[in-house]
Amino acid sequence: MFNLDVADHSGEIRVTGFNELLDSVFNTVHVGRCYLISGGTLKSANRQYATNSHAYEITLNRGCEIVECEEPLGEASIPKHNFKFTKIAAIEQMADDQKVDLLAIIQQAEEAVNFTSKAGKEMTKRVLHLADDSGKTIETTIFGDCSTPLAANSLIALKAAKVGSWNTKSLTVWGDSGIMAHPDVPEGHELMGWWTNIGM
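Presented here is an overview of the structure given in this document.

What counts as what
- Residues numbered from 1 in each chain as written.
- Predicted model: local features only at pLDDT ≥ 70, side-chain atom pairs only at ≥ 80, totals over all residues.
- Heavy atoms only, no water.
- Salt bridge = Lys/Arg side-chain N within 4 Å of Asp/Glu carboxyl O.
- Helix = DSSP H or I, 4+ residues; strand = E, 2+ residues; numbered from the N terminus.
- Buried < 20%, exposed > 50% of the residue type's maximum accessible area, 1.4 Å probe, protein only.
- Core = buried A, V, L, I, M, F, W, Y, C linked by side-chain atoms within 4.5 Å.
- Contact = heavy atoms within 4.5 Å.
- Pairing = 2+ DSSP bridges.
- Axes fitted to C-alpha atoms, helices over the stretch in contact; angles between N-to-C directions.

## A word on the pattern of salt bridges
A side chain with one charge may pair with a side chain of the opposite charge, provided their charged atoms come close.
Move 1: Counting across every chain of the model gives 9 salt bridges.
Move 2: For arginine 62, the salt bridge identified is with glutamate 20, shortest N-O distance 3.0 Å. Of this pair, arginine 62 sits in strand β4 (residues 56–68) while glutamate 20 is found in the loop between β2 (11–17) and α1 (21–24), placing the two residues 42 residues apart along the sequence.
Move 3: Judged by relative accessible area, glutamate 20 falls into the partly exposed class, the value being 40%.

Next comes the structure, spelled out in structure tokens:
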């Protein structure tokens, strides 16, 4: 199976596909491009796995079509980033297993470490120490392969990171799917200015 998080001017929704659709759909779509999607079934979102706030999700049918198209203009234009950022200080009051978007500065990026999970699976993890202008820091662990450049003193955005508690509050992200380096958002320019002049 695979999941796509798609967005238009009205919001976001998750699209899920199974089996042979992996080759015919998933391997042909690219992040940041615009598509017309047809041939899916709407159902209530599974909140355990949902990465956005939409009450529903779409399961693609075998006869589905995903066709690349021109992006609409004007009021129907699609925002490049659909983040709802939470400050690190606010995460301290959140319950475990909630999902958050975070905009932060990488204070420290540890080297990737290979390990064997309890289930006997070989895995990779990398720990980041992140800070923002709420004056707090948080440890974030990335599991799985990550090709995103992660350097100290650089800006990073996390999408739907999972809140947990490991002594103190922490975040978990799986692979590249929820990570964007150097996001071009207004809040990012402000945060970099704070880091350069005060935070660092």
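## A few points about the nonpolar core
Move 1: Residues Ile91, Leu102, Leu130, Ile156, Leu158 and Leu171 are the most contacted members of the largest nonpolar core, which totals 19 residues.
Move 2: Contributing elements (two or more residues each) for this core: α2 (88–91), β5 (99–109), β7 (122–131), β8 (137–143), β9 (155–166) and β10 (168–174).
Move 3: Dropping the residues within four chain positions of it, leucine 102 is found in contact with Phe85, Thr86, Ile88, Ile91, Leu130, Asp132, Ile138, Ile156, Ala157, Leu158 and Leu171.
Move 4: Ranked by size, the runner-up nonpolar core spans 10 residues in total, among them Phe83, Leu103, Ala157 and Val185.

## What about the sheet that holds β4?
Where strands meet in a sheet, backbone hydrogen bonds hold them as pairs that are either parallel or antiparallel.
Move 1: Spatial ordering of the open sheet is given by β1-β2-β4-β3, a layout of 4 strands whose pairing is mixed. Edge positions in the open sheet fall to β1 (2–8) and β3 (35–44), since each of these has one partner strand only. When the angles between neighbouring strand axes are averaged without regard to direction, this sheet yields 40°.
Move 2: Two strands pair when backbone bridges link them, and β3 and β4 are joined in this way by 9 bridges, in the antiparallel orientation. Among the inter-strand pairings, isoleucine 37 is bridged to a residue of β4, identified as isoleucine 66.

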